[in-house]
Amino acid sequence: MGKPLSVVVAGGGIGGLAAAYVLGRQGHEVTVLEQSAAFGEIGAGIQLGPNIFRMFEVLGLTEAIERVAFFPAGLGMNDVRTGETVVRVPLGGAARAVYGYPYGVIYRVDIHNVFLDACKDQPTVKLRTATKVEGYTQDAQGVTVQLAGGETLRADALVGADGLWSRVRQSIVGDGKPRVSGHVAYRAVLKREEVPTHLWSDDVLLWGGEKTHLVHYPLRRGELFNLVAVFHSNKYDEGWNTFGDTAELNERFAQAVPQVRELLEKIETWKMWVLCDREPVKNWSDGRVTLLGDAAHPMLQYLAQGAGQAIEDAVVLGEALKHTGNDVASAFQKYQKARYLRTGRVQLTARFYGDIYHASGVARELRNRMFQSGEESAGFAGLSWMYKGLDLKHLFD
Ligand SMILES: Cc1cc2nc3c(=O)[nH]c(=O)nc-3n(C[C@H](O)[C@H](O)[C@H](O)COP(=O)(O)OP(=O)(O)OC[C@H]3O[C@@H](n4cnc5c(N)ncnc54)[C@H](O)[C@@H]3O)c2cc1C
């Protein structure tokens, strides 16, 4: 094992904190730079497939996650206009039986806090807020990270975990703005007591319709209820976390079954995301600098894997450094080689699943047949390549 490195991580989202924790545990001196005034996440839920629970075990975080997660009874899809069940896959012990790990859902704030606390417990991890990375230069000895305001930091390596609009990415890949999908997501979180019993479900339940869907599931051990309504819209602002237009939402769901409309009416204020991704690339490293999470492979949310893939990245990055005896440039090449086909497959398959959820006509019929036949859904067969997760013993074969 080579000597410990100094590493700057740009961005303190789930991906940046996961990377900092992994590298800190390996004894590296890590500085996380977050542009916001405080570390934090927005109020919404995320789903965590069994492949991500596999990573929590590697990271020693299973218990901390399980304390705040919710374990849904099933994954279901209903037709938003008729209410009929398209498919339901019972969960319970099923994901564990097939993959050895459960399927869970979690409040973003809670998973972010698990990583933040884990970083705080690492004596070699420093956390800095209100610090924006502007760019970098590098030479044979190290990388100089340029911050807004003119300060510079010197380190052995830089990890750009600065999200969809990554500055670091622009120096490496240079592919400009993200691709606007034309889909927007409205999200809200209710308290358990705000959801009438007949509208509550312990499933992750998706109501699919033409160019729309609503997904809901409980969060935080069942204390909260997460709702995300997605539809095609011409509101193409690159807004992240702006307010949604309730009139537009109601119009998109005007044909929905009464229980869906009743649920939507419970929410006074929606927050909106404009959903974007990028084309997969195979090179996201430049010498002593690499990317991680959404900065490397932003994806649409239809497979619920963006944060999960960022966590897998962090684990593989740590393994690559161990494998190369902390030879930064060689480790970053090994890391991206081990990751780009898997993350590219998730990026492209997520687009396809978006089309499937929003299908009409023959595509809708085909979807229903496909799901109901069990070929896709039994044992999560269609996505087993994703859920079975990483084989850490053969990452670099
Ligand atoms: C509607 C929706 C639903 C989703 N559902 C799921 C799901 O169910 N499961 C799942 O796994 N994923 C889901 N995702 C995806 C997931 O949210 C992202 O993939 C994940 O948050 C990416 O984490 P990240 O750390 O790479 O980037 P981010 O979360 O974007 O974090 C980047 C951080 O970097 C900071 N930053 C940016 N620029 C700079 C700079 N120049 N200097 C310093 N700091 C900077 C930002 O302030 C931010 O804190 C969903 C996404 C959406 C939109």
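Placed above this text is the structure.
Here's a quick rundown of the structure.

What counts and how
- Residues numbered from 1 in each chain as written.
- Predicted model: local features only at pLDDT ≥ 70, side-chain atom pairs only at ≥ 80, totals over all residues.
- Axes fitted to C-alpha atoms, helices over the stretch in contact; angles between N-to-C directions.
- Helix = DSSP H or I, 4+ residues; strand = E, 2+ residues; numbered from the N terminus.
- Left-handed = near helix turned anticlockwise from the far one by under 90°.
- Contact = placed C-beta atoms within 7 Å.
- Nonpolar A, V, L, I, M, F, W, Y, C, P; charged D, E, K, R; others polar.
- Near = placed C-beta within 6 Å.
- Pairing = 2+ DSSP bridges.
- Buried ≥ 20, exposed ≤ 12 C-beta atoms within 10 Å, placed from the backbone.
- Expected span 1.5 Å × (residues − 1).
- Parallel < 35°, antiparallel > 145°, perpendicular 65-115°, else oblique.

Considering the packing of helix 2 (residues 50-59) against helix 9 (residues 306-323)
Working step 1: For the pair helix 2 and helix 9, interaxial distance at closest approach is 9 Å and the crossing angle is 35°. As for the relative orientation of helix 2 and helix 9, their crossing is left-handed in sense. Residue-level inspection shows Asn51, Ile52, Met55 and Val58 of helix 2 in contact with helix 9, the latter providing Gly308, Ile311, Glu312 and Val315.
Working step 2: Each residue belonging to the contact of helix 2 with helix 9 can be placed in one class, and the counts come to 5 nonpolar, 2 polar and 1 charged.

Things to note about the site of the ligand
Working step 1: In the vicinity of the ligand there are 34 residues, among which Gly11, Gly13, Gly163, Gly293 and Gly306 approach most closely.
Working step 2: Every element with two or more residues in the shell around the ligand is listed here: helix 1 (14-25), strand 3 (45-48), strand 17 (271-277) and helix 9.
Working step 3: Here the element with the most residues in the shell around the ligand is helix 9; it accounts for 4 residues.
Working step 4: Of the residues contributing to the shell around the ligand, the split by class is 15 nonpolar, 14 polar and 5 charged.

Focus on the sheet that holds strand 8 (residues 133-138)
Hydrogen bonds between backbone atoms are what pair the strands of a sheet, whose relative direction is either parallel or antiparallel.
Working step 1: With antiparallel pairing, the 3 strands of this open sheet are ordered in space as 8-9-10. The outermost strands of the open sheet, each flanked by one partner alone, are strand 8 and strand 10 (152-155). For this sheet, the mean inter-axis angle between neighbouring strands, taken without regard to orientation, is 25°.
Working step 2: Here 5 bridges tie strand 8 to strand 9 (residues 143-147), and the two strands are oriented antiparallel to one another. Its bridge partner lying in strand 9, glycine 135 is registered against glutamine 146.

Describing the environment of lysine 393
Working step 1: Looking at where lysine 393 falls in the secondary structure, it is placed in the segment after helix 12 (384-387).
Working step 2: The class of lysine 393 is exposed, set by 8 C-beta atoms lying within 10 Å.

Things to note about the pairing of strand 10
Working step 1: As defined by bridge partners, strand 9 adjoins strand 10 across 4 bridges and the pair is classed as antiparallel. Bridged to valine 143 within strand 10 is alanine 155.
Working step 2: Counted along the chain from strand 9 to the antiparallel partner strand 10, the turn is 4 residues long, and its residue glycine 149 has a positive phi close to 100°.

Comments concerning helix 9
Working step 1: The first and last C-alpha atoms of helix 9 sit 25 Å apart over 18 residues, in line with the 26 Å expected at 1.5 Å per residue.
Working step 2: Counting buried positions along helix 9 gives 16 out of 18 residues, so the element sits mostly inside the fold.
Working step 3: Positive backbone phi, at 60°, marks glycine 325, one or two positions downstream of helix 9.

Thoughts on the packing of helix 1 against helix 5 (residues 108-120)
Working step 1: Contact geometry of helix 1 with helix 5 gives a least axis separation of 9 Å together with a crossing angle of 30°. By the angle between their directions, the pair helix 1 and helix 5 is classed as roughly parallel. In this structure, helix 1 crosses over helix 5, and the sense of that crossing is left-handed. Here Ile14, Leu17, Ala18, Ala20, Tyr21 and Gly24 of helix 1 come into contact with helix 5, specifically with Ile111, His112, Phe115, Leu116, Ala118 and Cys119.
Working step 2: Among the residues forming the contact of helix 1 with helix 5, the class breakdown is 10 nonpolar, 2 polar and no charged.

Re helix 1
Working step 1: When the terminal C-alpha atoms of helix 1 are compared, their 16 Å separation across 12 residues agrees well with the 16 Å that a helix rising 1.5 Å per residue should span.
Working step 2: For helix 1, a buried count of 11 out of 12 residues is recorded, marking the element as mostly surrounded by other parts of the structure.
Working step 3: For helix 1, the set of buried residues is Ile14, Gly15, Gly16, Leu17, Ala18, Ala19, Ala20, Tyr21, Val22, Leu23 and Gly24.
Working step 4: A positive phi of about 95° marks glycine 27, the residue just after helix 1.

Fair warning: the whole summary comes from geometry, so function is off the table for now.
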